[in-house]
Amino acid sequence: MTWFVSTLKAYPEIAIFLALGIGYWIGGKSFKGFSLGAVTSTLLVAIVIGILGVKISPNVKSVFFLMFLFAVGYGVGPQFVRGIAKDGLPQAIFAVIMALLSLGAAVVAAMIAGYDLGSAAGLFAGSQTISASMGLATDAINRLARSPAETQELLDAMPIAYAVTYIFGTVGSAIILAQIGPKLLGIDLVAACKAYEQKLGAGQGPADGTHWYEFELRAYSVAEHSPFIGKTVAELEGGTQAGFRAFIERIRRGGKIIEVDQATVIEPGDIVAIGGKRDQLIARLGPSGREVEDAELLDIKTEGVDIYVSNKKVDGKPLEELAHWPGARGVFLKKIRRGPTETVIPILPKTELFRGDVITVVGRTQDINAAAQNLGYVDRPTTVTDVAFVSLAITIGALIGAIVINVSGIPLTISTAGGSLIAGIIFGWFRAIHPTFGRIPEPTLWFMNSVGLNVFIAVVGISAGPGFVAGLQKLGISLFLWGIFATAVPLVLGMLIAKYVFRFDPALILGICAGSRTTTAALGMVCEEAKSQVPGLGYTVTYAVGNTLLTIWGMVVIMILS
């Protein structure tokens, strides 16, 4: 044991990986649906390691925190700008109000309880489950010109308060929104979501739910007296009842395979390869054709890819309208993801697409390429990250954030951390409308988000370890109770404001509140209670605004209380 401790002291980088390894392992475990999560687990493990006397350079946490904040901004950029500029403005305004309520509740609790600045910042971060705010709070505390010993004492108090208040911040938020919320607001959540789905056209299309079409390719022999003989491909593809979509991909005629276009005429004896939903294919051909096995004819290169929507002409258009665009031929929509948390959006006729959405489609490669020209950018899987873009963007943001402006003797700055966050928002939004550079694959973005934050948290916890026991004994029970206050009050007031002031649709209120408080766990429980993904429609814009403001509030808490 002595050798192990001395090794960690001599090679503190090992301690970081130890904290991450155990933290992620514990965070991945759940008991009756409850999990501490990787952040809280890593923090607790790091504090234990810190008690052993391991010391780590603060530069380590700064590097990873800048990377994390840039990734956060990059992810929320498209939704943040769209929410401010367009139809999400009421939701964005509500998110600002909710963020102010969250800030006010934490500040009031800290003032009444008489907590120091570090404990107040940790109380805010834990009760609002916004770990990133501790980074900006750390920067703000370091700029207060306090003595090194006093500064370190404040910094050590922060993760302690965070750890104590985070558990109810997570679990309590989910219970308040999913269990108490519908009763408080008098909402039948399941019925409200079904009604909202009807507004989006549920039941008008061929399927009801998240998979509107299921792509299949079948070969059919055209009967000798089929009514389809003599008709063009265009006539056949456009002549069925509303909601049916199937396409003739190619034809075997006289033993040879021929590619088709809209003017190709069907002849007796043709074997046609038709792509579409199976029941639609049967309904289309009926007794006029029989299915045959023709492996060569059906050997058509198809793929499923993500398309990043960036075309202004598509923005705000419903799916039922887009389905009639020429570029939609042969392409079948499987999934719509929206926002930094990749919220799955219900696929219904009146569901609207927005720039920044990622849609998953299947079809022939040439059809997908044609669709992409109308929609945006084909985002085919790759492992390559534009590292030059990421590094230079963080550099630009951090340089701007490092500028300090003195107003009446008061130094004002957004800090290098705040600058990185803003740079991420700007460049993330710019890539949404010009997706030709700055690609960060999903796994890389996850790494920057999750590991970047947890390395920062691990260093914070290891540094705070020596003072943890004394601080917990001093603040534990009262801090937990004040954390409940700071978590519950903004949520309850926010739900009432959302219903009676903003008059949001009942199906969206709880998702809007969850997004404003950036609590994904609560959204999952709300959707489970609703038996629908509809609440997620209110999550993305409010998450983008709330995540940005709540992170910045870490610095504001220190400014107010100091």
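Residues numbered from 1 in each chain as written. Predicted model: local features only at pLDDT ≥ 70, side-chain atom pairs only at ≥ 80, totals over all residues. Heavy atoms only, no water.

Student: Break down the overall build of the protein chain for me, citing the residues and quoting the values.
Tutor: Across its full length, the protein chain carries 20 helices and 14 strands. Per-residue burial over the protein chain gives 55% buried out of 562 residues. On the protein chain, roughly 24,100 Å² of surface is accessible, and the fraction owed to carbon and sulfur atoms is 63%. (Helix = DSSP H or I, 4+ residues; strand = E, 2+ residues; numbered from the N terminus. Buried < 20%, exposed > 50% of the residue type's maximum accessible area, 1.4 Å probe, protein only. Areas by Shrake-Rupley, 256 points an atom, 1.4 Å probe, with all protein chains shown as cover.)

Student: Mind laying out the nonpolar core, listing which residues take part and the relevant values?
Tutor: Within the largest apolar cluster, 52 residues are counted, with the highest numbers of intra-cluster contacts made by Leu-177 and Ile-359. Split by domain, this core shows at least three residues from each of two domains, domain 1 (1–195 + 387–561) and domain 3 (305–378). With residues up to four places along the chain from it excluded, the contact list for Ile-359 reads Val-305, Asp-306, Ile-307, Val-309, Leu-333, Lys-335, Ile-336, Leu-353 and Leu-375. Of all hydrophobic cores here, the second largest spans 43 residues; its members include Val-72, Leu-117, Ala-121 and Tyr-162. (Core = buried A, V, L, I, M, F, W, Y, C linked by side-chain atoms within 4.5 Å. Domains from an automatic or database assignment. Contact = heavy atoms within 4.5 Å.)

Student: Lay out the pairing of strand S4 (residues 271–276) with the relevant residues and their values.
Tutor: Within S4, six of the six residues are buried, leaving the element largely enclosed by the surrounding structure. The alternating pattern of S4 places Ile-271, Ala-273 and Gly-275 and Val-272, Ile-274 and Gly-276 on opposite faces, both of which are buried. As paired elements, strand S2 (residues 246–253) and S4 share six bridges and run antiparallel to each other. When the sheet's bridge partners are listed, Ile-248 is paired in S4 with Ile-274. (Pairing = 2+ DSSP bridges.)

Student: Give me unusual backbone geometry: which residues, what numbers.
Tutor: With glycine set apart, most residues show a phi of negative sign, and most peptide bonds adopt trans. Positive phi, normally seen in glycine, also occurs at Thr-129, with a value near 50°. Summarising the element assignment, Thr-129 is placed in the loop between helix H6 (117–127) and helix H7 (133–142). With phi around 55°, Lys-531 is a residue other than glycine that occupies positive phi space. Looking at where Lys-531 falls in the secondary structure, it is placed in the loop between helix H19 (520–530) and helix H20 (540–561).

Student: Pulling in residues and values, what's your account of the packing of helix H8 (residues 148–185) against helix H18 (residues 506–516)?
Tutor: Across the interface, H8 lies against H18 with an axial gap of 11 Å and an inter-helix angle of 130°. The orientation of H8 relative to H18 falls into the category oblique. For the pair H8 and H18, the sense of crossing is right-handed. From H8, Leu-177, Gly-181, Pro-182 and Leu-185 reach across to H18, where they touch Ile-509, Leu-510, Cys-513 and Ala-514. Residue composition of the contact of H8 with H18, grouped by class: seven nonpolar, one polar and no charged. (Axes fitted to C-alpha atoms, helices over the stretch in contact; angles between N-to-C directions. Parallel < 35°, antiparallel > 145°, perpendicular 65-115°, else oblique. Left-handed = near helix turned anticlockwise from the far one by under 90°. Nonpolar A, V, L, I, M, F, W, Y, C, P; charged D, E, K, R; others polar.)

Student: Tell me about the pattern of salt bridges, and name the residues and values.
Tutor: Two side chains of opposite charge can pair, provided their charged atoms sit close to one another. Inspection of every chain in the model, using the stated rule, returns ten salt bridges. The closest approach of N and O atoms between Arg-250 and Glu-259, which form a salt bridge, is 3.4 Å. Taking relative accessible area as the criterion, Arg-250 reaches 11% and is therefore assigned buried. Sharing partners across several salt bridges, the network here consists of Arg-252, Asp-294 and Glu-296. (Salt bridge = Lys/Arg side-chain N within 4 Å of Asp/Glu carboxyl O.)

Student: Account for the environment of Phe-485, naming residues and giving values.
Tutor: By the secondary structure assignment, Phe-485 is in helix H17 (residues 468–500). In this structure Phe-485 comes out as partly exposed when scored by relative accessible area, which is 30%. On a C-alpha basis, the gap between Phe-485 and Gly-169 in space is 9.9 Å, while along the polypeptide they are 316 residues apart. If near-sequence neighbours (up to four positions away) are discounted, Phe-485 is found in contact with Ala-105, Ala-109 and Pro-490.

Student: Pulling in residues and values, what's your account of the packing of H6 against H20?
Tutor: Packed helices, taken two at a time, are described by the angle their axes make and the gap between the axes. Between H6 and H20, whose axes approach to 10 Å, the crossing angle comes to 150°. Judged by the angle between their axes, H6 and H20 are roughly antiparallel. In the packing of H6 onto H20, the handedness of the crossing is right-handed. The residues of H20 that touch H6, namely those facing Leu-117, Ala-120, Ala-121 and Phe-124, are Leu-550, Trp-553, Gly-554, Val-557, Ile-558 and Leu-561.

Student: How would you explain the side chain of Thr-264 if you had to name every residue and give the values?
Tutor: Relative to the helices and strands, Thr-264 is located in the loop between strand S3 (256–259) and S4. Residue Thr-264 is classed as buried on the basis of its relative accessible area of 12%.

Student: Please provide a residue-by-residue account of the state of the cysteines, values included.
Tutor: Counted under the stated rule, the structure contains zero disulfides. For the unlinked cysteine Cys-193, the closest cysteine sulfur is that of Cys-527, found at 7.6 Å. (Disulfide = S-S within 2.5 Å.)

Student: With reference to specific residues and values, describe the pairing of S3.
Tutor: Strand direction decides the pairing type here: S2 and S3, joined by four bridges, are antiparallel. Considered in S3, the bridge of Arg-253 is made with Lys-256. Where S2 folds back onto S3 in an antiparallel hairpin, the turn is made up of two residues, including Gly-254, whose phi is positive at roughly 60°.

Student: Lay out a nonpolar patch on the surface with the relevant residues and their values.
Tutor: A contiguous nonpolar patch, built from Met-1, Trp-3, Phe-4 and Leu-52 and spanning about 480 Å² of accessible area, is present on the exposed surface. Here Trp-3 shows up in helix H1 (residues 2–10). (Patch = residues over 30% accessible without salt bridge, like charges linked within 9 Å, V, L, I, M, F, W, Y side chains within 5 Å.)

Student: Quick rundown of the packing of aromatic side chains? Include the residues and the values.
Tutor: A full pass over the atoms with the stated rule returns twelve aromatic pairs. Ring centres of Phe-65 and Phe-68 lie 6.0 Å apart, and the angle between their planes is 35°; on these two criteria the pair is classed as tilted. Of this pair, Phe-65 and Phe-68 both sit in helix H4 (residues 58–85), three residues apart, which is roughly one turn of the helix. Exposure remark for Phe-68: the relative accessible area of 6% places this residue in the buried category. Site record: aromatic cluster; members linked through ring pairs are Phe-70, Tyr-74, Phe-389 and Phe-427. (Phe/Tyr/Trp six-rings, centres within 6.5 Å; stacked < 30°, edge-to-face > 60°.)

Student: Quick rundown of the confidence of the model for the protein chain? Include the residues and the values.
Tutor: In the predicted model, the protein chain carries a mean pLDDT of 82, and the fraction of residues at 70 or more is 86%. Predicted confidence for residues 204–213 stays below pLDDT 50, and this span has 31 contacts to residues more than four positions away or in other chains. (pLDDT = per-residue confidence, 0-100.)

Student: Summarise H1; cite the residues concerned and give the values.
Tutor: Along H1, the residues classified as buried are Val-5, Thr-7 and Leu-8. Buried residues in H1, looked at end-on, bunch into an arc of 160°, giving them a common side. Facing away from the buried surface of H1 by more than 90 degrees, the exposed residues are Thr-2, Trp-3 and Ala-10. Where H1 is buried, its residues touch helix H2 (12–27). (Arc of directions from axis to C-beta.)

Student: I'd like a description of the environment of Gly-424, backed by residues and values.
Tutor: Mapped onto the elements, Gly-424 comes out in helix H15 (residues 415–433). Residue Gly-424 is classed as buried on the basis of its relative accessible area of 0%. Those residues in contact with Gly-424 that lie beyond four places of it in its chain are Phe-70, Gly-73 and Tyr-74.

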